Amino acid sequence: MKAMTKQELAACAGVSVKTMNNWLSPYREQLWEMGMPRNRGYMPPNVVKWLSERFCIDIPP
């Protein structure tokens, strides 16, 4: 996995950033503890991996 922005991850999932934020809202505190930035920025690889497994998002190599 590589670091990604929410916009990049949303594009891989085929949804808008607003929809991605709605999906993430129940897990927000857990994601912050894992290292996700609170505002803008790149999500670390461990967060990207967790989200891709949780929401079945295919991320191209």
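Above this text is the structure in question.
All values derive from a computational prediction rather than experimental measurement.

What counts and how
- Every chain's residues receive numbers from 1 upward, in the order its sequence appears when written.
- For this predicted model, a pLDDT threshold of at least 70 governs which residues receive local features, and a threshold of 80 or more governs which side-chain atom pairs are given and counted, while totals over whole chains, interfaces and linings are taken from all residues.
- To get the side-chain values, all heavy atoms of the structure are used, and hydrogens and water are removed first.
- When the centres of two rings from Phe, Tyr and Trp lie within 6.5 Å, Trp using its six-membered ring, the rings pair. Their planes under 30 degrees apart give stacked, over 60 give edge-to-face, and anything left gives tilted.
- Segments assigned H or I by DSSP are reported as helices when at least four residues long, segments assigned E as strands when at least two residues long, and all are numbered from the N terminus.
- When accessible area is computed with a 1.4 Å probe and restricted to protein chains, residues below 20% of their type maximum are described as buried, those above 50% as exposed, and intermediate ones as partly exposed.
- Any Lys NZ or Arg CZ that is within 6 Å of a ring centre and within 35 degrees of that ring's normal is treated as a charge sitting over the ring.
- It only takes one pair of heavy atoms within 4.5 Å for two residues to be counted as in contact.
- Nonpolar cores are built from buried Ala, Val, Leu, Ile, Met, Phe, Trp, Tyr and Cys residues. Side-chain atoms within 4.5 Å join them into one set.

**Q** How should the packing of aromatic side chains be read in this particular structure?
**A** For any pair of aromatic rings, geometry is given as the distance between the ring centres together with the angle between the planes. According to the stated counting rule, one finds 3 aromatic pairs in the structure shown. Consider the rings of tryptophan 23 and phenylalanine 55, whose centres lie 5.4 Å apart with planes at 25°: the pair is stacked. Residue tryptophan 23 is found in helix 2 (residues 17–24), and its partner phenylalanine 55 is found in the segment after helix 4 (45–54); the two are separated by 32 residues along the sequence. Given the relative accessible area of 31%, tryptophan 23 is considered partly exposed. Centre to centre, the rings of tyrosine 27 and tryptophan 50 are 5.4 Å apart; their planes meet at 70°, and the pair counts as edge-to-face. One end of the pair, tyrosine 27, is in the loop between helix 2 and helix 3 (28–34); the other, tryptophan 50, is in helix 4, and 23 residues separate them in sequence. Here tyrosine 27 falls in the partly exposed class, since its relative accessible area comes to 23%. Aromatic rings pair up to connect Trp23, Tyr27, Trp50 and Phe55 into one cluster. Its guanidinium or amino end placed over the ring of tryptophan 32, arginine 38 lies 4.0 Å from that ring's centre, counting from NZ or CZ.

**Q** I would appreciate a short explanation of the environment of tryptophan 50 in the present structure.
**A** Residue class for tryptophan 50 comes out buried when judged on its relative accessible area of 17%. A C-alpha to C-alpha distance of 9.1 Å links tryptophan 50 and leucine 31, two positions 19 residues apart in sequence. When residues no more than four places from it in sequence are discounted, the contact partners of tryptophan 50 are Tyr27, Gln30, Leu31 and Met34.

**Q** Honestly, the nonpolar core in this entry has me stumped. Any pointers?
**A** As a rule of thumb, nonpolar side chains are buried together in soluble globular proteins. Ranked by size, the top nonpolar core spans 13 residues in total, and within it Leu9, Leu31, Met43 and Leu51 carry the most contacts. Mapped by element, the contributors of at least two residues to this core are helix 1 (6–13), helix 2 and helix 4. When residues in this core are grouped by element, the largest group, 4 residues, is from helix 4. Beyond its immediate sequence surroundings of up to four residues, leucine 51 is in contact with Leu9, Leu24, Leu31, Met43, Cys56 and Ile57.

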